[in-house]
Structures are given as C-alpha cells and as structure tokens.
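Structural features, examined
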Amino acid sequence: MKKPFYITTPIYYVNDAPHIGHTYTTVAADVLSRWARLRSIETFFLTGTDEHGGKILEAAKEKHKEPKDYCDEISGKYAQAWEQMDISYDRFIRTTDPHHQLAVEKFISNLHSNGDIYKSKYEGLYCLQCEKFLSPGDLQDNACPDHKTAPEKHCEENYFFKLSKYREQLVELISNKNHPKHFEILPEERRNEILGKLKLGLEDISISRENLPWAIPMPFDRSQTIYVWIDALINYVSAIGYGNGPENTDTEEFTRAWPVDIHLLAKDILWFHCVIWPAMLLANNLPLPKRVFAHGFFTINGQKMSKTIGNIIKPAELVEIFGVDASRFLLLNAFPFGADGDISIAAFKEKYNAHLANNIGNLVSRATNMATKYYNGTLAKPSCWEPSVFDELKPMFLKYENSMENLKLNEVLDSVIAVSSFANQYIDRQAPWNLAKTDTAKLQVVLYDSMMIVKYIAALLSPFMPSAAEKIWKTLDEKDTIASTIQKMPAFMPLTGSAITKPENLFPKMPIPTDEAGRHP
Ligand code: ME8
C-alpha cells in the first residue's frame, strides 16, 4: 500500500492555552495537508499536546489542580482552538494516552537492549520552562535567554543515551544531499547551524529523572522517570502505531506511514528534532524523517511571543477581529516563512485592507456584480474567445506551486495577491462599464476572463481560506470541483456555472483608527 504524506506539528506544552505562535505552525501544517488532499494525495496530519514533566506539574500546582485534570483542561483548549481555526488534523495525540506510553516503553527498552543507555552522575543547569539543560555559555545575565529566568542546579544519578555515538552518521546524513537516506533540514541556514554545532562535538544526554513523578517510568528501572523531551519526540511514531500491534509489535499503519515527510516547528526546538530525535531513530534502526522545516518566531516589540513571558495574542482574539479565514491568511502572509518577524494587530489590519478588502474582496465583488448586472448571471463563453490573459497568468500559477513545494508559504499567498492585482488592473484598463455602451462583444470577453480569474483565485485560496473559497465557488455555480481545478492547473479551464450570483461582502473594510495628527498609531 502506498505511503501517505505524513506531516506533523510539535506537540504543544499544556502549561497554558495556545497563542498565535502555535496557531502559526498548525495553520501552516493544515495548509500543506489541504494542498496535498486537493491533489488527491492521501495525507496524515498529526498534532497534539505534550503533557508530562516538571513544567506541567508546576503549572497544575499553581492552579491547585491534579496534573491529569489540568492537562485535560488545557489540552481541550488546544483542540477547541484548532476546531475554531478550521484545522483538518487526522489525529490529535496526547502523551498521557495509554497507547503512547506503551510505545515509549518499547522504544526505550530497545535502546537499552541495544546498549545505548547507561547510568551516570549528572550535574547541570536546567531551565524548567525550556525543559532542557543549558550550558553556561547559553546564559545571558545568568538567565535563560528565551525565558529570562534563572536555571536550577541539578545534580543526580541518571540514565544517559549515547548520543555522541551517532555524531558522524548524522553529519553524513544531513550534509550529503546525494545520500539515499538524506535528512533534509530547511531553511538552509538552520541546516548549517546544526552542522556547525555537530562539528564542535556531541555529548551524551541524560534521559531520566530521579524524583519527578509526573512522567513515564523507565521500563527497566521504575525508580526513575523518562525525560519529557524523549517521551514527547516518540509521539511521532506512537501516533501511527509504533509498538501498538499485538504483543508490542508495530502496526501496519506504522510501517506504511513512517518515515514522516515533514516535521514542522520553530527554531527553538531545532536541536531536539535535528539531532536528538534522529539519533534515537538511528539507535532504533528506524529511518530518519525526510524533512524538518523550522520557521521563525513571532515577536512583539522584538521579543519572542511566549506563554512564559506573557506577551501573547490568542487565536480567538484574531478571529474576533478578522474572522477565521482572514486570520489564517494574515498569519501566513505576515513575513517570510522561516524568518522572524514582529507582528501587531495594527499591521494585520493594514494588510487585511490592502490584500483582502481592497484587492481580492474587491475583485470578487466587482466581477460578480458586473456578471449579474450585464448578463443576469449567465455568462456564456464568447465565440471569439482566446485564453490570452492566461498566458500572462501561467507564471504566477507556477510560482504558486513551486513556492508551496518549497514551503515558502508567504510567497504562495503573494502569488495569489499578484493574480488578483493583475485582474483588477485588467478590469480598470478594459473599463467594462464603458464597453457596455460601445462594444458588447468585448464586454463579454473581459467579464469572462475576469470571472475565470475569480474561479482560479477561489481554488488557489482554498488551502489557506477554505470557507471563503467555498463561498466564492458557490457564487460561481461551478459544476467543476476545487480539487479538479487545482489538479488541472495551470491549464486553462472554462467556467462551468450558469447562474453567477453576488456573494456576501467577503472582507468588509477594517476601520483603522488614526491619532489626532491623522497618523496610524
Ligand atoms: O516546545 N512564534 O512545546 P511549546 C512562532 N512541547 N512559533 C511559535 C512561537 C512564536 N513566538 N511560540 C511557540 C514544545 N511557537 C514541546 C514540543 S515536540 C515533540 C515537543 C510554536 O508549547 C512553534 O512551533 O513550547 C514552536 O516550535 C512550538 O510552538 C513550541 O511549542
């Protein structure tokens, strides 16, 4: 059976409800999943929550709740947020799921029986918010640079994973693009960052804790529990049935779906996904992920948006202002996918007006208005019609596809914006309102062209704005489906509807307050 396209987001910590940083990764994975499904590619899209460890235990204590009750509550908030954001995941995994624990025990037992785990004393500085050890060189003013909190000193006897043993193999698999099992890290600068660090050396890591009850016990020594990151990374295989068949064998689903096609995440957790996880897989004789893509951070006034710092925007706040589809669009069009970028509601409003209200929304509204006004919604293909405007549009369609394949999601949207600007300029130039008086044959050609571009725009927007795309599609009365239109792109496709109607105002213009001097604050 054919391998599905398998894509994951990180599983998010349940120390607090999601913010738009988490939404960013999840919407991006959703767009890529929808894009694959539109092309009839079977897809498995995994997301979920990371629920063990000291950080979650502390958060539950602060709220005077039992850890599991607290996890249920916050995990539910993630599931709710993803429902609100129209996220089409196939599975939502929780690390407190019993089937996950079973898989973790099998994975760790294998590493142990392969001789990759040993016991030793460890001393180090631990950042509870990162859930990782920091080296003195990582600190800024004696504090974690991300969370601005002082790390705790840990000194205990733990189990270690022989990470250092896999250094050379990792360097080879990451750097050799011709290797049949090449492990691709994108963007390029992230790959170089990982290779640079690997070349400096690699130390074994502690993978257990002595006195942390809110975690999965070590299968071969129940006096210790498994380090939360090791537990969490294994979700990517446990979710598809690793160790979950009869007598702890792997399920057929696992054999079919692994390796994952894309692990999507931000750069904060690059090392775990590009070094520790692949080494764990090598130690377990499992193939490495095909691709890890790390996007940048949303920052507010230059500082990373984070639950711990508290400088967050919640997804529901965005939806309240812009609606679901526009929020998805604005998040992914905010800045290049892969780079950091400062965001603000004011900047989102400007973009919303420029791209959605004044450009795409305006095009849909004026084209459908004219089709209903001049042709009563029945716009037949003109007899002298030639697909000449499509020669100009083809490069934009190709750019769309190419950017999607390379995960340049902001550029994908830029190409949709470019198609819409092209159509608006075409309408301005041709002035159908004048043609209605002087040249009705040409009027029909111009409106037919315009409505066909509207049809393409609906299809191209569909992975990003599924409901808005459906609304546009309905006004076109199309007999074709969005999926078949996508699959035939960039070939020209005639309109198949015969009763075009006017849609509701898809993207009403957003009032932007100005200060007394008339500037936008
Ligand atoms: O790290 N900008 O969970 P987490 C963009 N449980 N993306 C952001 C962001 C920001 N300001 N803040 C968070 C964990 N993200 C672990 C993962 S996986 C086996 C375990 C997104 O709740 C981004 O995807 O801290 C980042 O990598 C992730 O949330 C971290 O989520």
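You'll find the structure just up there.
First, a word on what this report is: a plain description of the structure on this page. (Residues numbered from 1 in each chain as written. Predicted model: local features only at pLDDT ≥ 70, side-chain atom pairs only at ≥ 80, totals over all residues. Heavy atoms only, no water.)

Considering the overall build of the protein chain
Scanning the protein chain from N- to C-terminus turns up 19 helices and 16 strands. Relative to the 2.2 N^0.38 estimate, which gives 24 Å for 521 residues, the radius of gyration of the protein chain is 26 Å and therefore close to what a compact globule would have. In terms of overall dimensions, the protein chain has C-alpha extents of about 90 × 60 × 40 Å along its principal axes. With 521 residues in all, the protein chain has 57% of them scored as buried. Counting only contacts in the protein chain whose residues sit at least 6 apart along the sequence, the fraction spanning at least 24 positions is 76%. Carbon together with sulfur atoms contributes 49% to the accessible area of the protein chain, which is approximately 21600 Å² in total. Within the protein chain, one finds 57 positive and 65 negative side-chain charges whose respective centroids are separated by 4 Å. (Helix = DSSP H or I, 4+ residues; strand = E, 2+ residues; numbered from the N terminus. Rg over C-alpha atoms; globule rule 2.2 N^0.38 Å. Buried < 20%, exposed > 50% of the residue type's maximum accessible area, 1.4 Å probe, protein only. Contact = heavy atoms within 4.5 Å. Areas by Shrake-Rupley, 256 points an atom, 1.4 Å probe, with all protein chains shown as cover. Lys, Arg positive; Asp, Glu negative; His and termini not counted. Charge placed at Lys NZ, Arg CZ, Asp CG, Glu CD.)

So, the packing of helix H17 (residues 440-461) against helix H18 (residues 466-476)
Think of two packed helices as two axes; the pair is described by the angle between the axes and how far apart they sit. Between H17 and H18, the least distance of the axes is 8 Å, while the angle of their chain directions is 150 degrees. When the interaxial angle is binned, H17 and H18 end up roughly antiparallel. With respect to the hand of their crossing, H17 and H18 are arranged in left-handed fashion. Touching Met451, Val454, Lys455, Ala458, Ala459 and Leu461 of H17 are Ala469, Ile472, Trp473 and Leu476, all from H18. Grouping the amino acids of the contact of H17 with H18 by side-chain chemistry returns nine nonpolar, no polar and one charged. (Axes fitted to C-alpha atoms, helices over the stretch in contact; angles between N-to-C directions. Parallel < 35°, antiparallel > 145°, perpendicular 65-115°, else oblique. Left-handed = near helix turned anticlockwise from the far one by under 90°. Nonpolar A, V, L, I, M, F, W, Y, C, P; charged D, E, K, R; others polar.)

A closer look at the side chain of Thr26
Residue placement: Thr26 occurs in helix H1 (residues 20-38). You can call Thr26 buried: its relative accessible area is 0%. Only 2.7 Å separates the side chain of Thr26 from the backbone oxygen of His22, close enough to count as a polar contact. Among all residues touching Thr26, those that are not within four sequence positions of it are Thr9, Tyr12, Phe45, Trp82 and Ile87. (Polar contact = N/O pair within 3.5 Å; in protein donor to acceptor, adjacent residues only side chain to side chain.)

Section: the packing of aromatic side chains
The tally for this structure, following the rule as stated, stands at 31 aromatic pairs. Here the aromatic rings of Tyr24 and Phe337 are separated by 5.5 Å at their centres, their planes lie at 75 degrees, and the arrangement is edge-to-face. Here Tyr24, found in helix H1, pairs with Phe337, found in the loop between helix H12 (324-332) and strand S16 (341-342); they are 313 residues apart in sequence, far enough to count as distant. Taken individually, Tyr24 and Phe337 each receive the classification buried, so the pair is uniform in this respect. Within the aromatic cluster, the residues linked to one another by ring pairs are Tyr6, Phe44, Phe107, Tyr236, Tyr242, Phe254, Trp258 and Trp277. Geometry around Tyr242 places Lys106 over its ring, the cationic atom sitting 4.8 Å from the centre. (Phe/Tyr/Trp six-rings, centres within 6.5 Å; stacked < 30°, edge-to-face > 60°. Lys NZ or Arg CZ within 6 Å of the ring centre and 35° of its normal.)

Quick notes on the site of the ligand
In the vicinity of the ligand, 25 residues are found, and the nearest of them are Ile11, Thr25, Asp50, Phe298 and Met305. Between the ligand and Gly21, the relevant distance is 3.3 Å, taken from a nitrogen atom to a main-chain nitrogen or oxygen of the residue. Take Phe298: an N or O atom from its main chain is 2.8 Å from a nitrogen atom of the ligand. Notes on the ligand: free accessible area 670 Å², of which the protein chains cover 96%. Of all elements in the fold, only strand S1 (5-13), H1, helix H7 (228-233) and helix H8 (235-238) reach the threshold of two or more residues within the shell around the ligand. Examining the composition of the shell around the ligand, we find that four residues originate from one element, S1, more than from any other. Looking at the shell around the ligand residue by residue, the classes come out as 13 nonpolar, eight polar and four charged. (Near = heavy atom within 4 Å.)

Brief notes about helix H5 (residues 167-175)
Taken as a whole, H5 has its buried residues at Leu170, Val171, Leu173 and Ile174. For H5, the elements touching its buried residues are strand S7 (184-186), helix H6 (188-200) and helix H10 (270-283).

Considerations on the nonpolar core
Grouped together as the largest cluster of nonpolar side chains are 177 residues, with contacts concentrated most on Phe107, Phe161, Ile230, Trp258, Trp277 and Leu332. Among all residues touching Phe107, those that are not within four sequence positions of it are Ile234, Val237, Tyr242, Trp277, Met280, Leu281, Asn284 and Leu286. Counting residues in each nonpolar core, the second largest holds five residues, with Cys127, Cys130, Leu134 and Cys144 among its members. (Core = buried A, V, L, I, M, F, W, Y, C linked by side-chain atoms within 4.5 Å.)

Things to note about the environment of Pro278
Structurally, Pro278 can be placed in helix H10. A relative accessible area of 0% means that Pro278 is categorised as buried. Considering only alpha carbons, one finds Pro278 and Leu170, 108 residues apart in sequence, at a separation of 7.7 Å. Setting aside anything within four residues of it in sequence, one finds Pro278 in contact with Leu170, Phe183, Phe272, His273 and Leu288.

Remarks on the packing of helix H13 (residues 345-375) against H17
Relative orientation of the contacting elements H13 and H17 amounts to 140 degrees, with a least axis distance of 10 Å. Judged by the inter-axis angle, H13 sits oblique to H17. Here the hand of the crossing between H13 and H17 comes out left-handed. Contact residues: H13 offers Ile360, Leu363, Val364, Ala367, Thr368, Met370, Ala371, Tyr374 and Tyr375, while H17 offers Thr440, Leu443, Gln444, Leu447, Ser450, Met451, Val454, Ile457 and Leu461. Residue composition of the contact of H13 with H17, by class: 14 nonpolar, four polar and no charged.

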